[in-house]
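So the chains spell out like this:
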Amino acid sequence: MLDRFGLRVSILLGAAGNCIGAWIRIFSTTPDAFWITMIGQTIVGASQMFTLGAPPRLAAVWFGADEVSTACAAGVFGNQLGIALGFVLPPMLVHNGTMEEIADDLTNLFLGSAVLNTVIFTLIICFFSAKPKVPPSWAQITALEQSLDSNFLGTMGKLLTNGNFMLLFLTYGMNTGVFYAVSTLLAEMVDKLYPGQGEAIGRIGLSMVVAGMFGSVIGGICLDKLKKFKLVTFTVYFFSFLGMVFFTFTLDSGIHMVYVGAIALGFFMTGYLPIGFEFAAELTFPSAEGTMSGLLNASAQIFGIALTWAGGLLLHDFGIYISNAVMIAILGLGTILTALIKEELRRQKSSTCRRPFADIRDATHQLHRRPGANSSGGCFITADNWANASYHQKQSCRQVSASGQLAEIRNAFDSQQALMLVESDNAATQFFYIGLSRNCETCGWTWPGNQQLDYQNWAPGQPVTGQDCSVLSVEDATWSSIDCGALYPALCLVPQQ
């Protein structure tokens, strides 16, 4: 659904289901209306399939290469915030008392939930767009073009035959499944070791979730800053393993140590969620993020159900430590399998523009140090101080790269990338030469190699008769015609390597 119909439709369906289910639950506050509760909750639960896989897709569609992991982590953060509120608000709003008093409290709780979901649904209808007008990265352009010809079965086939992704599929399920199992069995463990500490169980669960919120955001920031996807994934996985060891062997050392162990588990194991999503997106690019994240969520649910069931049996028959020892062993195996995943950063390679040439530092020429991506797969780069030359003298940009040429601006993405580059260049000029020119007064404007003009961004009143070369404005990326003998620095296009 997410891949076929896009973000807006998927998010709208999820929000609509939450809204409908929330209003249905208002009528279920009496003891004989439990079946109504089940109907409302089933609708809400089913709606999650439209939104659970949204964070990596939302991040990829709306954010650039240096922000995408943090954005995905923020999406997971929001999910964890909702869970945290689920721990806090019901005990605050629903109190022990008579049937009528409890029913009134439940009505207020459900009404608040219904109103909030209605407001969110309305805001999504009014303000949420499926995608930005200009894709934030060349990687996203590639993904969009690939999706036009893709189909669900084809995408599934590519994912299931991708060995690195299948290793991540298993390790993601192991890690998340252990977390689900421990979270579910936590109350029983605490009750066995610390009878009468029922109120502490809720606070411990809340501590796990809050720690996980911070872990998610910190993990996303680390990915964006370091770009070391395997290193970050392995490190967090290894510390999840150590956290489970610490939790198990300090469980009987006092209730305060249960808090410490639970916080460690929450921080690393929940923090792993966006990291796993983002690493998978790198390994499977340009396959659709919705299908990829759906498979990871399926793995998490399968392992979660299996490990919760097995952990419960072991807990009842053999005790807490045997049950937790199995969880430790599974995380240990997952750590080893994570180490076997090869780091293949396909999305980063598609988004990152690297300089395939050496700096030239002399009195007349200095290269810009941060090239920008171009939709042809090349790199924009400026030659700031190389101004004492006409258009024809610098047309090849050979001083920048052996395969260089003056820049082509073929679409809105190229225009955006070029503008960001020349704005940050701080050159003492208002214009940069680009490769658009014409050979005669009546000839059409073409790019290098006589490539036709299929995207235009002329400034008002441009082009001017008698001027056969062109420049790009550093203020708004519009084009102006200019005499070919004018002296301006160049915006060049060079290939990636």
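Residues numbered from 1 in each chain as written. Predicted model: local features only at pLDDT ≥ 70, side-chain atom pairs only at ≥ 80, totals over all residues. Heavy atoms only, no water.

Naming follows an unreviewed UniProt entry, where the protein chain appears as Major facilitator superfamily (MFS) profile domain-containing protein of Mesorhabditis spiculigera. In the Subcellular location (unreviewed entry) part of its UniProt record, the protein chain is described as follows: "Membrane". (UniProt positions renumbered as here; feature names shortened; annotations may be inferred.)

What to know about the environment of I381
Note that I381 resides in strand β2 (residues 378-383). You can call I381 buried: its relative accessible area is 0%. With 110 residues separating them in the primary sequence, I381 and L491 have C-alpha atoms 5.9 Å apart. (Helix = DSSP H or I, 4+ residues; strand = E, 2+ residues; numbered from the N terminus. Buried < 20%, exposed > 50% of the residue type's maximum accessible area, 1.4 Å probe, protein only.)

Let's talk about helix α2 (residues 34-47)
Between the first and last C-alpha of α2 there are 20 Å, a value that for 14 residues agrees with the 20 Å anticipated at 1.5 Å per step. Listed in full, the buried residues belonging to α2 are I36, T37, G40, V44 and S47. Each buried residue of α2 lies within a common arc of 105 degrees when the element is viewed along its axis, so the set occupies one face. Of the exposed residues in α2, the ones pointing more than 90 degrees away from its buried face are F34 and W35. (Expected span 1.5 Å × (residues − 1). Arc of directions from axis to C-beta.)

Things to note about the packing of helix α10 (residues 229-249) against helix α13 (residues 320-340)
Packing of α10 against α13 leaves a shortest axis separation of 9 Å and a crossing angle of 165 degrees. Classified by the interaxial angle, the pair formed by α10 and α13 is roughly antiparallel. Between α10 and α13 lies a crossing whose hand is left-handed. When α10 is examined against α13, the residues K230, T233, F234, Y237, F238, S240, F241, M244, V245, F247, T248 and F249 are found in contact with a partner set consisting of Y321, N324, M327, I328, L331, G332, G334, T335, T338, A339 and L340. Its residues assigned to classes, the contact of α10 with α13 comprises 14 nonpolar, eight polar and one charged. (Axes fitted to C-alpha atoms, helices over the stretch in contact; angles between N-to-C directions. Parallel < 35°, antiparallel > 145°, perpendicular 65-115°, else oblique. Left-handed = near helix turned anticlockwise from the far one by under 90°. Contact = heavy atoms within 4.5 Å. Nonpolar A, V, L, I, M, F, W, Y, C, P; charged D, E, K, R; others polar.)

What about the packing of aromatic side chains?
According to the stated counting rule, one finds 14 aromatic pairs in the structure shown. Aromatic pair Y237 and Y272: ring centres 5.2 Å apart, planes at 85 degrees, arrangement edge-to-face. Of this pair, Y237 sits in helix α10 while Y272 sits in helix α11 (residues 255-284); the two residues are 35 residues apart in sequence, bridging distant segments of the chain. Like Y237, the residue Y272 is buried in the burial classification. (Phe/Tyr/Trp six-rings, centres within 6.5 Å; stacked < 30°, edge-to-face > 60°.)

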